[in-house]
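These are the residues of each chain, in order.
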Amino acid sequence: MRDTFIARLLRHALADPSIVLITGDLGFKVFDEFRAKCPGQFLNAGVAEQNMTAIAAGMALEGRIVFTYSIANFSTLRCLEQIRNDACYHGAAVKVVSIGGGFSYGSLGISHHATEDLAIIRSLPDITVFSPGDLWEAAEATSACIATSGTCYLRLDKAAGKPTYREGDLFVPGRMRTVRGGTDVCVVVTGGILEEAQAAADTLATEGISVRILSAHTIRPLDAEAVVEAARSCTAMLTLEEHTLHGGLGGAVAEVLLDNGVMPRRFRRLGLAGTFSSIVGSQVYLRQRYGIDARAVAEAVRSTLAGPTCAV
Amino acid sequence: MVVDHPSCLGKDTRQLAKAIRLHCLRMTSTGGSSHIGSCLSIADILAVLYGRCLRVEPSQPKHPGRDRFILSKGHAGAAVYATLAECGFMPTAKLATHYQDGSDLSGHVSHKGIPGVELSTGSLGHGLGVAAGMALAAQQSGQPHRVVALLSDGECDEGSNWEAILFAAHHRLDRLLAIVDYNKIQSLDEVDKTIRLEPFTAKWEAFGWEVRRCDGHDHEAMAAAFAPSRERRPVVVIADTIKGKGVSFMEHQVLWHYRTARGEEFSAALLELEAQS
């Protein structure tokens, strides 16, 4: 997703000199073309994320649209207060980009596991949160960051994900995208783990279970309408995220449902239990280990359908 | 494009400083807020900045050519509100609402609804980085205006400042002026007994800044010290100040970082401040 992001950003930057990209000294070779073609719009702030974000806020208050870039938790948690106070509170056009959502950098250890960012960032006022599920969504979300006023967060997976674009698809910020139609089960998913939901749906289709997949590429604002409609029309609803269950997508979906007085017939959240993983491994391995890969999703769908309904 | 005729410039800075001090005493006492000592410490700095240096215009608070001022030590927000009111950015009557229920004049400085405030602060270590970003934007687009950030000494414990100090020197942000209100007292104790800053001048110099040191209550000295860099470097003015300056029983006392003057203390402080010329 990183290359897709930078390619789309370059396209915009060539047309709009107010767009600036600041990296926290990460992205080896990634920015070479951007730097060559837009030298005045690129900056390496060094290994100093708090200052990178403050600089971005200062430039944004002077009319620039400023992307800050780093990996894992460095562009978010390390400088959370700069995002909250300097960017969000001032409505500054700072676009915080993190590459490496979830276990993208699984082998590097817990410092590089971005597994709480969505919960933390989505709690901030005055921010739009994008978490695209494939390359097409990553490109569209990049454009959406520019088109959306104020502060945005863009969470990118390192992996590409399986393509989901179909002719005529539209990326509308704040609206979930129906990647696949179905009525038995609705899986609401965010980020690159969308590919696991798709694979699970393929398996379940052979068993006669139809799965609707909604890609929640925007976490804030969350598409209440799509969630409510899915809860009313599907027999079961599951959420899937490569992220802690504490305050993540699943929690956000549950909030929206109950706030709208809607009780899904069956409901289950799939994600991380909220513990650190001292065990390392590839993204594929860790998804499997923590029960959020395609096989686990398919099994969760089966057991949820066979299980009790939500009490009213 | 600069502000052509800034109406604040040319004010009598001694009278301005006196007015700021009186407002701050009344605001903190009426609202029951802390930080009167911190406000009195920077009253002269603010008076010289707004009376003799900053090109800002209350009738056009967002003029693109204005100088930008950021109070990074946001806890002294009352002093900035008072200064802005004295310069015509808001009615002085509004100051009476400071720190009270329903007011937008928060204890730590906020920009929302307050013309003339560039940045909301309150968490220390934010202002200099944002100021550097503003100065970089001005440098890149060839705008001549300056960006000024006023820091406290205790605030220099925050590592984020040193990130910004490195950055500003590397990019030769000569439109940037940092002023440190060096009253040698921080939140709980003296700076020297908490986290020592000395040799303070040498630290800034080693980081590549043009360093000037002066008495933060000497208006002529400050007006000279606040002049732009001639070396294409960011400038820091380390202003030696007295916490609680102007009220004898508040001067040099850590107590007045928190205490609110009430009753006889308020009357005594008022008398002392009103008696100043």
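A. Quick look at the nonpolar core. Counting residues in each nonpolar core, the largest one holds 111 residues, and the members touching the most others are A:Ile22, A:Phe67, B:Leu128, B:Leu176, B:Trp204 and B:Trp209. A domain split of this core shows at least three residues from each of domain 1 (2-155) and domain 2 (177-306) of chain A. The contact partners of B:Trp209, leaving out residues within four places of it in the chain, are B:Leu128, B:Ile165, B:Ala168, B:Ala169, B:Leu176, B:Ala178, B:Trp204, B:Arg233, B:Pro234, B:Val235 and B:Val236. Core analysis: the second largest hydrophobic core is formed by 58 residues, B:Ile36, B:Ala78, B:Met250 and B:Trp256 among them.

B. A look at the packing of aromatic side chains. Applying the stated rule across the entire model yields 16 aromatic pairs over all chains. Each ring, one from B:Tyr182 and one from B:Phe200, has its centre 5.1 Å from the other, and the planes form 55°; the classification is tilted. Taken as a pair, B:Tyr182 in strand 3 (residues 176-182) and B:Phe200 in helix 7 (residues 200-206) lie far apart in primary sequence, 18 residues in all. Each residue in the set A:Phe5, A:Phe31, A:Phe34, A:Phe42, A:Phe67 and A:Tyr69 is aromatic and connected to the rest through ring pairs, giving one cluster. We note B:Lys184 situated over the ring of B:Tyr182; from NZ or CZ to the ring centre the distance is 4.3 Å.

C. Summary view of the sheet that holds strand 8 (residues 185-189) of chain A. Residues and elements named next belong to chain A. The five strands are arranged 7-9-8-11-12 in an open sheet whose pairing can be described as mixed. Pairing within the sheet leaves two strands with one partner each, and these edge strands are strand 7 (177-180) and strand 12 (267-272). Averaged over all pairs of adjacent strands, the angle between strand axes in this sheet comes to 25°, irrespective of strand direction. With three bridges connecting them, strand 7 and strand 9 (residues 211-215) associate as antiparallel partners. Of the residues in strand 9, the one forming a bridge with Thr178 is Leu214.

What counts and how
- Residues numbered from 1 in each chain as written.
- Chains lettered and ligands numbered in written order.
- Predicted model: local features only at pLDDT ≥ 70, side-chain atom pairs only at ≥ 80, totals over all residues.
- Heavy atoms only, no water.
- Core = buried A, V, L, I, M, F, W, Y, C linked by side-chain atoms within 4.5 Å.
- Buried < 20%, exposed > 50% of the residue type's maximum accessible area, 1.4 Å probe, protein only.
- Domains from an automatic or database assignment.
- Contact = heavy atoms within 4.5 Å.
- Phe/Tyr/Trp six-rings, centres within 6.5 Å; stacked < 30°, edge-to-face > 60°.
- Helix = DSSP H or I, 4+ residues; strand = E, 2+ residues; numbered from the N terminus.
- Lys NZ or Arg CZ within 6 Å of the ring centre and 35° of its normal.
- Pairing = 2+ DSSP bridges.
- Axes fitted to C-alpha atoms, helices over the stretch in contact; angles between N-to-C directions.

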